[in-house]
Amino acid sequence: MLLGVLLTPFAVAALDPGELVIETPAGSHRFTIELAATPSERARGLMFRRSMRPDHGMLFDFQTEQPVAFWMKNTPLPLDMLFIDASGRVVEIAADTVPFSETSIPSRQPVRAVLEVNAGTAERLGIAPGAKVRHPIFGG
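Residues numbered from 1 in each chain as written. Predicted model: local features only at pLDDT ≥ 70, side-chain atom pairs only at ≥ 80, totals over all residues. Heavy atoms only, no water.

A. Up close: the pairing of strand E2 (residues 27–36). Where strand E1 (residues 17–24) lies against E2, eight bridges are found, and the strand directions are antiparallel. In the sheet register, leucine 20 faces E2, and the bridge partner there is phenylalanine 31. Here E1 folds back onto E2, and the loop between the two strands holds two residues. Bridging between E2 and strand E3 (residues 56–66) involves five bridges; their strand directions are parallel. (Pairing = 2+ DSSP bridges. Helix = DSSP H or I, 4+ residues; strand = E, 2+ residues; numbered from the N terminus.)

Rendered as structure tokens:
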């Protein structure tokens, strides 16, 4: 779902699952995630997916901190996008993104990664800027 990328509905193969933990003042929340680490994996993202389990998500790893922009083209699933810096801190959240929208959703600062989860997940679990994300790409 990176801005400017068009793909066909046939490019929806799932990536190998892994685990990620988000620590909030209310407790720790575990997610099964797919890691999108290559340009083609990041470009495909969650396009064409119609559903996702409540404890699942996709982690987009950009390897270094940089400004990023997403869109929802070809994505029927409403999402929360958690923008995460290199230390694993959530720095901003784009909540309840609009399915199929071509409006750019940019990071306000350079980020290392973006975690996409079902819309409403951040609010439901109390995930807010400052939450700590634990995954190997953040050094643990």
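B. Expanded view of the nonpolar core. Ranked by size, the top nonpolar core spans 18 residues in total, and within it Leu20, Ile22, Phe31, Leu59, Leu115 and Ile127 carry the most contacts. Contributions of two or more residues to this core are made by E1, E2, strand E5 (79–84), strand E8 (111–118) and helix H2 (121–125). When residues of this core are assigned to their parent elements, the largest contribution, three residues, is made by E8. When near neighbours in sequence (up to four residues on either side) are disregarded, phenylalanine 31 contacts Gly18, Glu19, Leu20, Ile22, Pro54, Asp55, His56, Val117, Thr121, Leu125 and Ile127. Ranked by size, the runner-up nonpolar core spans 17 residues in total, among them Ala36, Leu46, Met58 and Ala94. (Core = buried A, V, L, I, M, F, W, Y, C linked by side-chain atoms within 4.5 Å. Buried < 20%, exposed > 50% of the residue type's maximum accessible area, 1.4 Å probe, protein only. Contact = heavy atoms within 4.5 Å.)

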